[in-house]
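Observations on the model geometry
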Amino acid sequence: MTETSIDSATDAAAITVGMAQRPGTESPCADGYDVQRRGHRVCAAVVDGAGHAAAVVRYAHITPPVITHIGMTMGGLAALTTAGQMAHAYDVPPHASAVYARMEPGQPTTIHWIGDCRAYGWDGTALTRWSTDQTMGEYLRRNGVAVEIAAAHDNWSRTGLAQAGAAMCREAQIPEAVRLVLLVTDGVSDQMGHERMEALCRAHAADPQTLADALAAAAEADAKGYRDDATVIVMAAAPVASDSGGHRD
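What comes next concerns the included structure. (Residues numbered from 1 in each chain as written. Predicted model: local features only at pLDDT ≥ 70, side-chain atom pairs only at ≥ 80, totals over all residues. Heavy atoms only, no water.)

Topic: the overall build of the protein chain
- When helices and strands are tallied, the protein chain shows 7 helices and 11 strands.
- Here the protein chain holds 249 residues, and the buried ones make up 51% of them.
- Of all intrachain contacts in the protein chain linking residues separated by at least 6 positions in sequence, the fraction that spans at least 24 positions is 69%.
- When the accessible area of the protein chain is evaluated, it comes to approximately 11200 Å², of which 52% is carbon and sulfur surface. (Helix = DSSP H or I, 4+ residues; strand = E, 2+ residues; numbered from the N terminus. Buried < 20%, exposed > 50% of the residue type's maximum accessible area, 1.4 Å probe, protein only. Contact = heavy atoms within 4.5 Å. Areas by Shrake-Rupley, 256 points an atom, 1.4 Å probe, with all protein chains shown as cover.)

Quick look at the structure:
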């Protein structure tokens, strides 16, 4: 992973980014992440490969920069679709989830995702999840199946990057007023409670790198001792000036 900057902004409008990754108990790590800057705009992506086969690991590591670069110039849908086509360069297309975000001053943060990587927003008071998992468990919940039955299917992803396209990728906009956005793999969101994530945001929101490190480190092993790869990107926009009157460029 690398953070690349082209004519990076350095004034008060600059977006601060924190990134952290903690490999799980099974190696090698099959998560990937990347950040790309151009002027005041920042594009970030997190990819979570299913399993730890060599093809999955390679795919999860090479696709995040593709997503951020294509996202910078063509948008999130094109980015995820392009990365998805790369899966078909393998004898067996690797399965992977991804979430992408584009943040820039004066605009809402646009997110695109496929699978079960997540995007959250911290507004200074509460942590809100802005993405919806594309899992069988979530599908069952939305169709009235008992919660305890649905929960047993949360690890069953219904789609991934190999199926990315306009009909499968999801999009949302996080309001500009939400100044802190998190992109995480399920090794973070599935292995600590929402309350714990929210408490860490409350404690470390002023320092995106410290927050990213804390979120990655807080993921806990399950009852069998397994802990998934955990990857986090924290994107923090500068506070809106008090005399701005909510003006957007």
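Considering the environment of glutamine 163
- Mapped onto the secondary structure, glutamine 163 falls in the loop between α4 (147-151) and β9 (170-174).
- Along the chain, glutamine 163 and histidine 95 lie 68 residues apart, while their C-alpha atoms are 9.2 Å from each other.
- For glutamine 163, the residues in contact, after removing those within four places along its chain, are Ile114 and Met168.

Some remarks on unusual backbone geometry
- Cis rather than trans, the peptide bond between serine 27 and proline 28 has omega equal to -5 degrees.
- In this structure, proline 28 sits in the loop between β2 (16-22) and β3 (31-38).

Re the packing of aromatic side chains
- Counting across every chain of the model gives 1 aromatic pair.
- Judged by centre distance (6.0 Å) and plane angle (90 degrees), the ring pair of tyrosine 59 and tyrosine 90 falls under edge-to-face. Linking tyrosine 59 in helix α1 (residues 54-74) with tyrosine 90 in the loop between α2 (76-86) and β5 (96-103), this pair joins segments that are 31 residues apart in sequence.
- The buried category is assigned to tyrosine 59, whose relative accessible area is 0%. (Phe/Tyr/Trp six-rings, centres within 6.5 Å; stacked < 30°, edge-to-face > 60°.)

A word on the sheet that holds strand β7 (residues 118-122)
- Taken together, 5 strands build an open sheet; the order of strands is β2-β11-β10-β7-β8 and the sheet is antiparallel. The open sheet terminates on both sides in strands that have one partner only, identified here as β2 and β8 (127-129). Adjacent strand axes in the sheet meet at a mean angle of 20 degrees, parallel and antiparallel pairs treated alike.
- In this sheet, strand β11 (residues 230-236) lies alongside β2 in antiparallel orientation, the contact comprising 7 bridges. (Pairing = 2+ DSSP bridges. Axes fitted to C-alpha atoms, helices over the stretch in contact; angles between N-to-C directions.)

Here's the deal with α2
- Considered for burial, the residues of α2 that qualify are Gly76, Ala79, Leu80, Ala83 and Gly84. Angularly, the buried residues of α2 cover 130 degrees about the axis, an arc narrow enough to put them on a single face. (Arc of directions from axis to C-beta.)

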